[in-house]
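Close look at the chain arrangement
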Amino acid sequence: MALFFINRYLGDEGDDGSSNESRAKALLAKLQRKAKVKEQQSLSCQEEYQSKTTVENDGDTSVKKKRKNKGVNLDETKHPKKRKVSPPDPEELSEGDNARKKKDRKKMQLTEEDKGGMKQTSVHNKNRNLQEAAAADKTELLKNDDEMVEKIQTDQSIQDTETSPSQTGFTILGGFEKKIIQKVQRVLPKWLAEPDVIQRDITSNLVPISDVPGICTKLQRKLESNGIHHLFPVQAEVIPAILESVSHGLLIGRGGYKPRDICVSAPTGSGKTLAFVIPVIQALMERVVCEVRVLAVLPTKELAQQVGKVFSSYAEGNSLKVVMLAGQKSFATEQASLSENRGGISHSLADIVVATPGRLVDHINKNDGFSLEHLRFLIIDEADRMIDSMHQSWLSQVTKAVYRPRRVSEAVSIFKRTEPAPITAASLSPPQMPLQKLLFSATLTQNPEKLQQLGLHQPRLFSSVHSRSTTNPESQERFNFPQGLTEYYVPCTLSKKPLLILHFILRLKFSPILCFTNSREAAHRLYLLVHLFGGVQAAEFSSRLSPNERKRTLKEFEQGKIQLLISTDAAARGIDINGVKCVVNYDAPQFIRTYIHRVGRTARAGKSGLAFTFLLGVQENKFIQMVKDAGSPGIHKQIVKPGNLKSMEPCYQQTLLELGNTIKGEKAKKRV
Ligand SMILES: Nc1ncnc2c1ncn2[C@@H]1O[C@H](COP(=O)(O)OP(=O)(O)OP(=O)(O)O)[C@@H](O)[C@H]1O
């Protein structure tokens, strides 16, 4: 029984369409006749079995019934339905064909069962020749069926091949939604995951200066003359590491290799400044020719000034020159202090340059007398803040000035440096002056992507933070808080905040207080209000003041002439003001790093200090969680009863009226 029509190629005579067709018809008719004959033969055999079976078993109808239940009607064998066999329409082949194949397969299966049933009956009849005939027919049928099934299966497999290439070993695309995407376990680089540990507690880990290896006698005496008899943990760890990298002179590091860059993450007020000043001064003490070999970059003028002062203090008596490029003086004045022209040749007048990024880039680009081709140490203080301000591209300008100077002096051409590259025999001779980067911060990021911008060479990390999870670098970064710091938060309302700060100064006698606001306008308004209220020596510190005014204000605050310094975050980082007992966050800081640097203005050098943060109701939970996640030892709730503020209310209301007029007057002045 043909399932589908096959156009056969019949050779040359196939040209004549009509004969071809008649031949095909004849062939088909012949096949159909054959099939009919076969079918009749098998039917007749079945009838004989039937009749035999009926006689011997006296109408055993169970088999019949079972058959019937199976949906196979045995009577069907009496009057088989004539199935029209016609070649299927090719269009329907795909749908109808599948259905038909399935039905045929099902039918085949049923027929199989049916045949199985007959087999049982024949066993009872023990009629050998009949049996043999049946078996022959059955084999014939089976053969046909097998052929049929095989044909169907072949077709099916062809079809399957057409529909699902999976059997041919190709992967099925798509189905992504089913796959569980493996989360990549990010792991910190080894140098970040396993830092050299710095003890957090300063007072119980002081190291006598004489016990720290490598510090020369001259500097030991200088430290003692400045009242320093013990070194803090960060100094005891970092100073020897930097001195080790210059133990064979400035040109090569230990074992003849380029010295490793050093990163230091230690709490605020833990003495990081001296940790780089002492070893760098000692490394340059024996220099013969004055060249810029140390460049320290800091984020603000005040910080640059403060670090410049420490450098100058320890460079005294060593003929080392320290120059500030922070905008305190005019560009021309700074230019004159950097170099001079003798006999047509520019000579450097600075060994150590302390700069802010803006001024540094100005001198690199506009000052021909400023050369960094001899630079040996690049110190980046408040490094996380400096990384964030990389958009000023000051680092790439420094790198360019070091490796591709505009003007190469003859002396240096022998040691002309090439940018760091893989070490080869050629790159090792002649030895080149290495550029070693020293990074310092109380909140140094441990995000490898951010640190990667600095192009560090085999960095070594000294850190007082140990509990960073190495498997999940994304987790909240943790920092170490100064040992002597006690943190509080004060629930309050917006209108009560000014009364609170007045209460702290006038009633609780906390003084001097460094008070931080989130904007310079807020600092100015609070300063005006406290000033109008009276009874408090207050000053403001923000970019509203000129650099000289800011410098004078810090000095007076340090001298105790100012009880309340109201500042923006300009004074938050690194500013070292002795004697600050209490820091108040009048406005809660948005970021944890800002909080750490603000409260780090107190409890410095192992001393104790208090930090209060005024929190509105909506800010409480988020802020407290942020501080806890950052590793704070604990922030306590400090409630100020409204009754304590009552007595100041009348005067406060009067002051608010005056404040309104004052602010209007200032705005009018600005418009003039
Ligand atoms: N060994 C020491 N003995 C006594 N006082 C020290 C010692 N080292 C530093 N100090 C003092 O401790 C204070 C804080 O030092 P420094 O400013 O270097 O801290 P820091 O870690 O840089 O702080 P920040 O992270 O806020 O910049 C300074 O007043 C400094 O003079």
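How each quantity is defined
Residues numbered from 1 in each chain as written. Predicted model: local features only at pLDDT ≥ 70, side-chain atom pairs only at ≥ 80, totals over all residues. Heavy atoms only, no water. UniProt positions renumbered as here; feature names shortened; annotations may be inferred. Buried < 20%, exposed > 50% of the residue type's maximum accessible area, 1.4 Å probe, protein only. Helix = DSSP H or I, 4+ residues; strand = E, 2+ residues; numbered from the N terminus. Pairing = 2+ DSSP bridges. Axes fitted to C-alpha atoms, helices over the stretch in contact; angles between N-to-C directions. Polar contact = N/O pair within 3.5 Å; in protein donor to acceptor, adjacent residues only side chain to side chain. Contact = heavy atoms within 4.5 Å. Core = buried A, V, L, I, M, F, W, Y, C linked by side-chain atoms within 4.5 Å. Near = heavy atom within 4 Å. Areas by Shrake-Rupley, 256 points an atom, 1.4 Å probe, with all protein chains shown as cover.

- Looking at an unreviewed UniProt entry, one finds the protein named ATP-dependent RNA helicase, with Oncorhynchus kisutch as its source organism.
- Here the protein is described in UniProt, under the heading Catalytic activity (unreviewed entry), as follows: "ATP + H2O = ADP + phosphate + H(+)".

1. Notes on the pairing of strand S14 (residues 513-516)
- Taking every second residue as pointing to the same face, both faces of S14 are buried, with Ile513 and Cys515 on one and Leu514 and Phe516 on the other.
- Judged from the four bridges that link them, S14 and strand S16 (residues 564-567) form a sheet pairing that is parallel. The partner of Leu514 across the bridge, within S16, is Leu565.
- As paired elements, S14 and strand S17 (residues 582-585) share four bridges and run parallel to each other. Bridged to Cys515 within S17 is Val584.

2. Some words on the sheet that holds strand S13 (residues 485-491)
- Pairing in this open sheet of seven strands is parallel, and the strands run S15-S16-S14-S17-S18-S13-S19 from one edge to the other. Each edge of the sheet is formed by a strand with only one pairing partner; in this case those strands are strand S15 (538-541) and strand S19 (635-637). If you compare each strand with its neighbour and ignore which way they point, the axes differ by 25 degrees on average.
- Here seven bridges tie S13 to strand S18 (residues 609-615), and the two strands are oriented parallel to one another.

3. A word on the UniProt feature "domain: Helicase C-terminal" (unreviewed entry) in the protein
- The UniProt record annotates "domain: Helicase C-terminal" (unreviewed entry) at residues 500-648.
- When the span residues 500-648 is considered, its composition is 38% helix and 17% strand, and the gap between its end C-alpha atoms is 10 Å.

4. Examining the side chain of Asp384
- Along the chain, the position of Asp384 falls in helix H12 (residues 383-388).
- Residue Asp384 is classed as buried on the basis of its relative accessible area of 2%.
- A distance of 2.8 Å separates the side chain of Asp384 from the side chain of Thr443, its partner in a polar contact.

5. A look at the sheet that holds strand S6 (residues 322-325)
- The eight strands lie next to each other as S1-S12-S4-S11-S10-S5-S9-S6, forming an open sheet whose pairing is parallel. Of all the strands in the sheet, the pair left with one neighbour each is strand S1 (196-197) and S6.
- Direction of pairing for strand S5 (residues 294-297) relative to strand S10 (residues 377-381): parallel, over a ladder of four bridges. Residue Val297 lies in a different strand from S10, and its bridge partner there is Ile380.
- Lying on the sheet, helix H10 (residues 331-338) is in contact with S6 and strand S9 (352-355); it crosses S6 at an angle near 155 degrees.

6. Brief notes about the nonpolar core
- By size, the foremost hydrophobic cluster in this structure holds 49 residues, and its most contacted members are Val264, Ile281, Phe311, Phe377 and Ile379.
- Of all the elements, helix H8 (residues 272-284) adds the most residues to this core, at nine residues.
- Ignoring anything within four residues of it in the chain, the contact list for Val264 reads Ile198, Val234, Val238, Leu439, Phe440, Ser441, Leu444 and Phe462.
- Membership of the second largest hydrophobic core comes to 37 residues, among which are Val323, Ala401, Leu439 and Leu444.

7. Focus: the site of the ligand
- Around the ligand, a shell composed of 20 residues is seen, among which His230, Gln235, Lys272, Thr273 and Asp576 lie nearest.
- One nitrogen or oxygen atom from the side chain of Gln235 is found 2.8 Å from a nitrogen atom belonging to the ligand.
- At 2.6 Å from an oxygen atom of the ligand is found a side-chain nitrogen or oxygen belonging to Asp576.
- Burial of the ligand by the protein chains amounts to 84% of its free accessible area of 630 Å².
- Breaking the shell around the ligand down by element, the ones donating at least two residues are strand S3 (230-231) and H8.

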